[in-house]
Amino acid sequence: MTSDDERPRTPEGSGRPGARRVLPGLATLLPATTELYLDLHSHPELSGAERRTAARFADWLAEDGFHVLRGIGGHGVAATLSNGEGPAVLLRAELDALPVAERTGVPYASTVTVPGPDGRPVPVMHACGHDAHLACVAAAARWLAAGRDSWRGTLLVVGQPAEETLSGAVAMLEDGLYDRITPPDVVLAQHTASFPAGMVAHADGRVLAGSLTLEVGFEGEGGHAATPHLTADPLLAAAGTVTRLSTIVARETDPAERLVVSASSLRTADAGHTGNMIASRAVLHVTVRAFSEAALDRAALAVERIARAEAGSAAMPPRVTVARSSRSGVTLADPDVTAAVRSAHVAAFGPSRVTGWPATSATEDFPLLTGAGAHLHGRPGIRGAYWMLGAVGPAQWAAAPGTGAAEKFRSLPGNHSPRYLPSVRLTLETGTTALVTAALARLTDRAD
Ligand SMILES: [Zn+2]
Ligand SMILES: [Zn+2]
C-alpha cells in the first residue's frame, strides 16, 4: 500500500442496484490483516491482561503514521491521525478474550492457559470475536491512512481493554481518554454475530440491552445438618429466592416489555462444603437485562424485595445484603448517524447484504464512549453507531441444522461458545469495508 497506483480511493459503485462493490485496495491489505487476526486468535488474553494484544495493535497503528498513546485505563490504546479540518470519527474495538477452552479444531486454535486464582490453569479463547474486530479496525485504519486524500477530519482509533467485565470503557474514560485525544463527534463499532458472513445488520433504535449484576448475601447461624432447627439456614432462603425470581418477569412485568432476570450462581461459604454442615452464608448472583434504565432499577428492587421476604419468612431470619455491580447502559443507535452508515453500507454491499437487527439481550460498555457516558466525560453530544457483522461462513451456514434462518440461528455456536468460529476471509473483508465506508460517510460529511 505504498505506491500511488495502489492507493485506496473512495469506493464507487458499478451503477447496478444491488451489485457488490469492492473496496479498492482491500485485496492488498488482506494478507497482513489475516496474519494479524490469526496471531491475535492464537494469543488471546483475559480482560485486564491484554499486554501483548495492545502492543501488537499499537505497533500496527504507529507504523501507519498514527500518534499512539498506550496504557490508558490499563492496556488501553488510543491513536490519532489528523488530516485537516473536519469531524472527528472514532473507531473502537475490544482487546480482551474469555476464559473458555477452544473446541473449534482449527490449526490456529488457542491452546493458551493462564494460572487461575487457585493456581489451576484457566483456558483462554477469543470466543467473542474481538480478535476479528481488532483486525478489521487495524485494516480500516491502514486503508484510511493510505487514502487520506479522499477525506478530511480526524481519525481516532481505540483498542479498549476489559469489555467482557464491562470495566474497560469506564477505566479509559476515568484515565482521561477524551482529555488526551481530540474528543470524537461520532463513535463507530461493530460486533460479530452468528449470521452469514458477508452481511451487516442494523437495528432501529435499541441494539443491545442494558445490564446489572446483583450479589445477594444471606448470612445467619450455621450448624450441624442433623439439628437444622438450631440454624438460620441461609441456603434455604437463597434457594427460595432463586425459585421466586422468575415471577419478576412472569407476574410483575408487562408482557410487551422485554426483561431477563437470571440467577447465575449460588454458593455457600464458611464450612458449607461438607455434607453434615449447614453453612452460615450463601451468596447468590443475579443478572438483569432490560431495555431501559427504569426497567433495570425496577427489577433490581424486585430482586431485593423477594430476597428480604424469603429471608423474613424464616423462624430465624438470615441477614440480607444486596450489592449492585458491573452496570451497563442500553446500546442505542443514533438515528441520524445510523441512517448515514446504513446508506453507506447499502452503497458498498448492495441492499441484499444489509439486513435488520432485532434488539438482543447481550450487553456492551460501548454506550459510555458516546453521549450516554457524559457523566464520565462531560460530552453529551457524542453520537454513536453500532452494527452487527455476520461471521458464519457459507459451509458452516449450509451445514447448520434447520431449514429457515431462525432454526439455523438457534443451532449455530454463538458468541462465548467454545466452538465460535468466524469465517476468516469473509468476516475480515466485510468488517473492514463496513468500517471504512462508515467512517468515510462521516469524514466526508461537510455539513457535520
Ligand atoms: Zn463477549
Ligand atoms: Zn464481545
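Residues numbered from 1 in each chain as written. Chains lettered and ligands numbered in written order. Predicted model: local features only at pLDDT ≥ 70, side-chain atom pairs only at ≥ 80, totals over all residues. Heavy atoms only, no water.

Draft legend 1. Fine view of the pattern of salt bridges. With the rule as written, the count across this model stands at 22 salt bridges. When the shortest N-O distance is used, the salt bridge between R383 and D334 registers 3.6 Å. Note that R383 is positioned in strand β18 (residues 383-392) and D334 in the loop between β16 (331-332) and α9 (335-349), a separation of 49 residues in sequence. The partner of E429 in a salt bridge is R425, with the nearest N and O atoms 3.0 Å apart. In this pair, E429 and R425 both sit in helix α13 (residues 424-443), four residues apart, roughly one turn of the helix. R425 sits in the exposed class, given a relative accessible area of 52%. When salt bridges with common partners are traced through the structure, they connect R92, E94, E364 and D365 into a single cluster. (Salt bridge = Lys/Arg side-chain N within 4 Å of Asp/Glu carboxyl O. Helix = DSSP H or I, 4+ residues; strand = E, 2+ residues; numbered from the N terminus. Buried < 20%, exposed > 50% of the residue type's maximum accessible area, 1.4 Å probe, protein only.)

Draft legend 2. Quick look at the coordination of the zinc ion (ligand 2). Donor atoms from the polypeptide that bind the zinc ion (ligand 2) are C128 (SG), H130 (NE2) and H191 (NE2), placed at 2.1 to 2.4 Å. On the primary sequence, the residues serving as donors to the zinc ion (ligand 2) are separated as C-x1-H-x60-H. Separating the zinc ion (ligand 2) from the zinc ion (ligand 1) is a gap of 3.1 Å, bridged by C128, which donates to each. Residue H130 is found in helix α3 (residues 130-146), and its partner H191 is found in strand β7 (residues 186-196); the two are separated by 61 residues along the sequence. Considered together, H130 and H191 belong to a single accessibility category, that of buried residues. (Donors = N, O, S within 2.8 Å, 3.2 Å for Na, K, Ca; no water.)

Draft legend 3. Layout of the coordination of the zinc ion (ligand 1). Donor atoms from the polypeptide that coordinate the zinc ion (ligand 1) comprise C128 (SG), E164 (OE), E164 (OE) and H416 (NE2), at 2.0 to 2.6 Å from the metal. Classification of the site at the zinc ion (ligand 1) as irregular follows from its four donor atoms and the range of 54 to 150 degrees in their angles at the metal. When the donors of the zinc ion (ligand 1) are listed by position in the chain, the intervening gaps give C-x35-E-x251-H. Looking at E164, the relative accessible area reads 21%, which means it is partly exposed. Judged by relative accessible area, H416 falls into the partly exposed class, the value being 39%. (Tetrahedral: all angles 85-135°; square planar, octahedral: opposite > 155°, others 65-115°.)

Draft legend 4. Spatial organisation of the packing of helix α1 (residues 26-42) against α13. Axis separation between α1 and α13 bottoms out at 10 Å; the angle between their running directions is 115 degrees. In this structure, α1 crosses over α13, and the sense of that crossing is right-handed. For the pair α1 and α13, contact is made by L26, L30, T33, T34, Y37 and L38 and by V424, L428, E429, T432 and T433, respectively. (Axes fitted to C-alpha atoms, helices over the stretch in contact; angles between N-to-C directions. Left-handed = near helix turned anticlockwise from the far one by under 90°. Contact = heavy atoms within 4.5 Å.)

Draft legend 5. Spotlight on the environment of G210. One can find G210 in strand β10 (residues 210-219). Under the relative-accessibility criterion, G210 is labelled buried at 0%. A C-alpha to C-alpha distance of 7.8 Å links G210 and S361, two positions 151 residues apart in sequence.

Draft legend 6. How the structure looks around the domain arrangement of the chain. Partitioning the chain into structural domains gives domain 1 (4-208 + 330-443) and domain 2 (210-327). Facing the ten residues of domain 1 at the interface are ten residues of domain 2. Buried surface at the junction of domain 1 and domain 2, both sides included, amounts to about 840 Å², of which 56% is carbon and sulfur. Our enumeration of links across domain 1 and domain 2 arrives at zero salt bridges. (Domains from an automatic or database assignment. Buried area = accessible area lost by both parts, 1.4 Å probe.)

Draft legend 7. Layout of the sheet that holds strand β2 (residues 76-83). The strand order across the open sheet formed by eight strands is β1-β2-β6-β3-β7-β18-β8-β17, and the pairing between neighbours is mixed. Pairing within the sheet leaves two strands with one partner each, and these edge strands are β1 (67-72) and β17 (354-356). Recorded for the sheet is a direction-independent mean angle of 25 degrees between the axes of neighbouring strands. The pairing of strand β8 (residues 200-202) with β18 spans two bridges and is classified as antiparallel. (Pairing = 2+ DSSP bridges.)

Draft legend 8. Fine view of the environment of G312. Residue position: G312 is located in helix α8 (residues 293-312). Of the residues examined, G312 reaches a relative accessible area of 46% and is grouped as partly exposed. Sequence-wise, G312 and A237 are 75 residues apart; in three dimensions their C-alpha atoms are separated by 8.6 Å.

Draft legend 9. Seen up close, empty space enclosed by the protein. Counted according to the given criterion, the structure contains two cavities of 30 Å³ or more. Counted as a void, the largest cavity has a volume near 50 Å³. Around the largest cavity sit S194, A391, V392, Q396, L412, P413, Y420, L421 and P422, which together line it. For the lining of the largest cavity, the residue count by class is seven nonpolar, two polar and no charged. Estimates place the volume of the second largest cavity at around 30 Å³. Residues belonging to the lining of the second largest cavity are distributed by class as follows: three nonpolar, two polar and three charged. (1 Å grid on protein atoms, 1.4 Å probe; cavity = no way out; pocket = protein on both sides within 12 Å on 5 of 7 lines; lining within 4 Å. Points joined across faces, edges and corners; volume = space filled by probe spheres on them. Nonpolar A, V, L, I, M, F, W, Y, C, P; charged D, E, K, R; others polar.)

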